[in-house]
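# Residue-level structure breakdown
If you want the building blocks of each chain, they are given just below.
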Amino acid sequence: VATVYLGLGANLGDRSANLEAALERLAALARAELRLSSVYETPALLPEGAPESWNRPYWNLVAALEFEGSPAELLHATQRIEADLGRIRGERWAPRPIDLDLLHWEGVTLATPTLTLPHPGIRGRAFVLDPLAELAPGLRLPGGSGMPDGQMADEGASVLELARRHPKHQPRLMGILNVTPDSFSDGGKHAGLDAALAAVDAWSGPVAPILDVGGESTRPGAGAVSPDEEWARIRPLLEALRARFAGRRLRPRISVDTRRAEVAARALALGADWINDVSGGADPALLELVRAARCTYVVMHSLTVPADPRATLGRDHPPAAQLRRWFEAKLAELDRAGIARDRVVLDPGIGFGKTPFQSLEVLRDWERFLAPSLGVPVLAGHSRKSFLKDFSSAPAPSRDPETLGVSLALAAKGADLLRVHDPVLHHRALLAWSHVR
Ligand code: ATP
Ligand code: CA
Ligand code: CA
C-alpha cells in the first residue's frame, strides 16, 4: 500500500457537490480513511489567449489516499471518475466540473506519455502547495519538478517552505466563534446559538476551514469563569456543529479555545479536532489529553491569562527573536510530552505579554517564525486587538479594516494561519489579492 497525494479542483457547476462526489468515489478506492486538506478558492490558471469567460475561480483541495495498485490503475480510475462527473475532454485548462491530478506517489518518479510523477506543475502552483503543505509539510519533492525555465532553486525546500514563498500563497482562516457574554471585540455577538450557526453557514466551504469555539473571554480584566460554566456555554454549539456536519467530507475542523483540561476532555469527546490553548501548555493534564487524543494543538505564548497590560516581554531583544526561542523550547518540551510537531501549531500571542509596540514588531518581523522553518504552521491572532489603537480610533468591533490590512501584509510574508472575527471579509479580500499577485 502506497500513500498517494491527489489534487482535486472544480470550477464549473456546484463546486462543493462536485468535490464531495469525487471524494466519495476516491474513498471507495482507498485502503484507509482519506486524509483531506482544507478547501481553497483560487484564481484559474489560464493559457495565453484563453477566452475571458474561462476566468472562473476554482475550489481546490488535496487528498492523501492509501492505494494498493499501480499508478496506471489509479490514473485510469481517476479519469473514470472525471468522466462520470461530466468532465468533457476539451481544450487545455478549460473550465471543468472536476479535475483529479496525481500529485505525488510515495517513493515513485515516473515519466511516461500518459503519466508524470511527481506532477510537473506542483512547485509553480499555490493552489497545490497550500493544501499539500497541510498534509505533508515536510515532504521534499524529488527532482526539480515544475520550476519554470529550468531553474533548479528550491531543490531541498519542503512543501511547507515552497507554499509560504509562493506569491499567491493564501493563509488558512480560523473563524472566531465566541459564546461569551463579555467578549471584547464582538460584544457577545455570537453568544446566541442561532447567530453562531448563521455565521457558520456563511463561513462554509473555502471561507473558514477552522472554527474556533471559545467560552472564556481572555481580554484584559475579564472575569474568571468556572470550567462548568465554560462548558455550559460551548456545549450546545459543539453539539449543533457535530449534527450539522455529520457525514460530510468537506467540513470545517472544530477548534476549542480553552486552557482547561476538564473542558478540553469533554470537547474532544464531542468531536473537537483542535485544542487552542492560550496558556501555552501550562497544565500537564491538558497536555496529557492532547497526547492521547492525537488532536491538533495550538500552543500560544502568554505571560498571564487574562492578559495583564503590565506583564510584558523584556526590551533588551527583539520580541520576535525571544518568541522564536520560546517556540523552539516549547516544541522540544511538547515532543518530550509525546506531542510530535506534526500536530502542533505555534501562536506568538499578539496582545498577550507584549506592549502594543511589541505586538506590532512581532507582526513586522513575522518572517523570523517561518525561516529557517520549524516545520510547524504559525498562527496570527491579531484580529481587532488593542495594539491597533496606536493608529486607529475605531472601537474594537469596528477594527476590521485595520485587521485586514495587517492580514494582507502577513499573507505576503507567507503566514500560515490567521485567526479572525470576519472570515468572509478576509476570504473575499484574499481571493481578489491572489488574482493580482
Ligand atoms: P495539468 O496537468 O497541467 O494540471 P490538466 O489537469 O488540465 O493540466 P488534463 O487535461 O486533466 O490536464 O490531463 C492531460 C493528461 O495529463 C492526461 O491525459 C494524463 O494522461 C496526463 N498526465 C500526466 N501526468 C499526470 C498526473 N500526474 N496526473 C494526472 N494526469 C497526468
Ligand atoms: Ca490539473
Ligand atoms: Ca488533470
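To start, this report covers the structure provided alongside it. The structure displayed is predicted, hence computed values, not measured ones.

Turning our attention to the overall build of the protein. When you go through the protein residue by residue, the secondary structure sums to 13 helices and 15 strands. Taken against the 2.2 N^0.38 rule, which gives 22 Å for 437 residues, the C-alpha radius of gyration of the protein at 22 Å falls within 12% of a compact globule. Seen through its principal axes, the protein has C-alpha atoms that stretch 65 × 45 × 45 Å. Classification of the 437 residues of the protein by burial places 56% in the buried group. If you take every contact in the protein between residues at least 6 apart in sequence, the share linking residues at least 24 apart comes to 69%. A total of about 18,100 Å² of accessible surface is found on the protein, and carbon and sulfur atoms cover 52% of it.

Take the packing of aromatic side chains next. Think of a pair of aromatic rings as described by two things: how far the centres are apart, and how the planes are tilted against each other in angle. What the rule picks out here adds up to four aromatic pairs. Measuring from centroid to centroid gives 5.0 Å for Trp 366 and Phe 369, while their planes differ by 85 degrees, and the two rings are edge-to-face. The class of Trp 366 is buried, set by a relative accessible area of 0%. Phe 369 sits in the buried class, given a relative accessible area of 0%. Put simply, the rings of Trp 326, Phe 327, Trp 366 and Phe 369 touch in pairs and so form one group of aromatic residues. Sitting over the face of the ring of Trp 93, Arg 92 holds its NZ or CZ atom 4.1 Å from the ring centroid.

Helix-helix packing is characterised by the crossing angle of the two axes and by the distance between the axes. Look at helix H7 (residues 261-269) against helix H8 (residues 284-293): their axes get within 9 Å of each other, and the N-to-C directions meet at 20 degrees. For the element pair H7 / H8, the angle class is roughly parallel. Of the two elements, H7 crosses H8, and the hand of that crossing is left-handed. Note on element contacts: H8 touches H7 through Ala 285, Leu 286, Leu 289 and Ala 293, opposite Ala 261, Ala 264, Ala 265 and Leu 268. For the contact of H7 with H8, the residue count by class is eight nonpolar, no polar and no charged.

For the rest of this paragraph, the subject is the coordination of the calcium ion (ligand 3). Around the calcium ion (ligand 3), the protein supplies Asp 99 (OD) and Asp 101 (OD) as donor atoms, at distances of 2.2 to 2.4 Å. The calcium ion (ligand 2) is placed at 3.6 Å from the calcium ion (ligand 3), the two being bridged by Asp 99. Its relative accessible area of 18% is what places Asp 101 among the buried residues.

A word on the site of ligand 1. Around ligand 1 lies a shell of 15 residues, among which Arg 96, Leu 102, Thr 114, Thr 116 and Arg 125 are the nearest. Measuring from an oxygen atom of ligand 1, one finds a side-chain N or O atom of Arg 89 at 3.2 Å. The contact in question runs from an oxygen atom of ligand 1 to an N or O atom on the backbone of Thr 114, over 2.6 Å. A total of 620 Å² of accessible area belongs to ligand 1 in isolation, and the protein chains cover 78% of it. Elements supplying a minimum of two residues to the shell around ligand 1: helix H2 (71-84) and strand S5 (99-105). Per-element accounting of the shell around ligand 1 gives the leading share, three residues, to S5. Per-class residue counts for the shell around ligand 1 are four nonpolar, four polar and seven charged.

A separate point is the pattern of salt bridges. Per the stated rule, a full pass over the model turns up 30 salt bridges. Notably, a salt bridge pairs Arg 260 with Glu 230, separated by 2.7 Å at the nearest N-O pair. In this pair, Arg 260 is assigned in the loop between strand S10 (253-257) and H7 and Glu 230 in helix H6 (residues 227-244), connecting sequence segments 30 residues apart. Among the residues examined, Arg 260 registers a relative accessible area of 16% and is labelled buried. Linking Glu 239 and Arg 235 is a salt bridge whose minimum nitrogen-to-oxygen distance equals 2.9 Å. Of this pair, Glu 239 and Arg 235 both sit in helix H6, four residues apart, which is roughly one turn of that helix. One salt-bridge network, held together by shared partners, links Glu 82, Arg 87, Arg 89, Arg 96 and Asp 99.

The omega torsion across Leu 117 and Pro 118 is -10 degrees, close enough to zero to call that bond cis. You can see Pro 118 is positioned in the loop between strand S7 (116-117) and helix H3 (126-135). Cis rather than trans, the peptide bond between Val 305 and Pro 306 has omega equal to -5 degrees. Notably, Trp 93 is not glycine yet its phi reads approximately 65 degrees, a positive angle.

This part covers the coordination of the calcium ion (ligand 2). Distances from the calcium ion (ligand 2) to its protein donors, Asp 99 (OD), Asp 101 (OD) and Asp 101 (OD), fall at 2.1 to 3.1 Å. A relative accessible area of 15% means that Asp 99 is categorised as buried.

Further remarks concern the pairing of S10. Here S10 lies mainly inside the structure; four of its five residues are buried. Sheet topology places strand S9 (residues 210-214) next to S10; five bridges connect them, and they run parallel. Within S10, the residue paired with Gly 214 across the bridge is Asp 257. Viewed along the sheet, the connection from S9 through H6 into S10 turns out right-handed. Relative to strand S11 (residues 274-277), S10 runs parallel, the two being bridged by three bridges. Looking across to S11, one finds that Ser 255 is bridged to Trp 274.

So, about the sheet that holds strand S12 (residues 296-300). Strand order in the open sheet made by the eight strands is S13-S12-S11-S10-S9-S8-S15-S14, with parallel pairing throughout. Looking at the sheet topology across the chains shown, the edges are occupied by strand S13 (344-347) and strand S14 (379-380). In this fold H6 packs onto strand S8 (172-178), S9 and S10, with an angle of close to 150 degrees to the strand it touches most, S9.

Conventions used here
- Residues numbered from 1 in each chain as written.
- Chains lettered and ligands numbered in written order.
- Predicted model: local features only at pLDDT ≥ 70, side-chain atom pairs only at ≥ 80, totals over all residues.
- Heavy atoms only, no water.
- Helix = DSSP H or I, 4+ residues; strand = E, 2+ residues; numbered from the N terminus.
- Rg over C-alpha atoms; globule rule 2.2 N^0.38 Å.
- Buried < 20%, exposed > 50% of the residue type's maximum accessible area, 1.4 Å probe, protein only.
- Contact = heavy atoms within 4.5 Å.
- Areas by Shrake-Rupley, 256 points an atom, 1.4 Å probe, with all protein chains shown as cover.
- Phe/Tyr/Trp six-rings, centres within 6.5 Å; stacked < 30°, edge-to-face > 60°.
- Lys NZ or Arg CZ within 6 Å of the ring centre and 35° of its normal.
- Axes fitted to C-alpha atoms, helices over the stretch in contact; angles between N-to-C directions.
- Parallel < 35°, antiparallel > 145°, perpendicular 65-115°, else oblique.
- Left-handed = near helix turned anticlockwise from the far one by under 90°.
- Nonpolar A, V, L, I, M, F, W, Y, C, P; charged D, E, K, R; others polar.
- Donors = N, O, S within 2.8 Å, 3.2 Å for Na, K, Ca; no water.
- Near = heavy atom within 4 Å.
- Polar contact = N/O pair within 3.5 Å; in protein donor to acceptor, adjacent residues only side chain to side chain.
- Salt bridge = Lys/Arg side-chain N within 4 Å of Asp/Glu carboxyl O.
- Pairing = 2+ DSSP bridges.
- Right-handed = clockwise from strand over helix to strand, strands pointing away.

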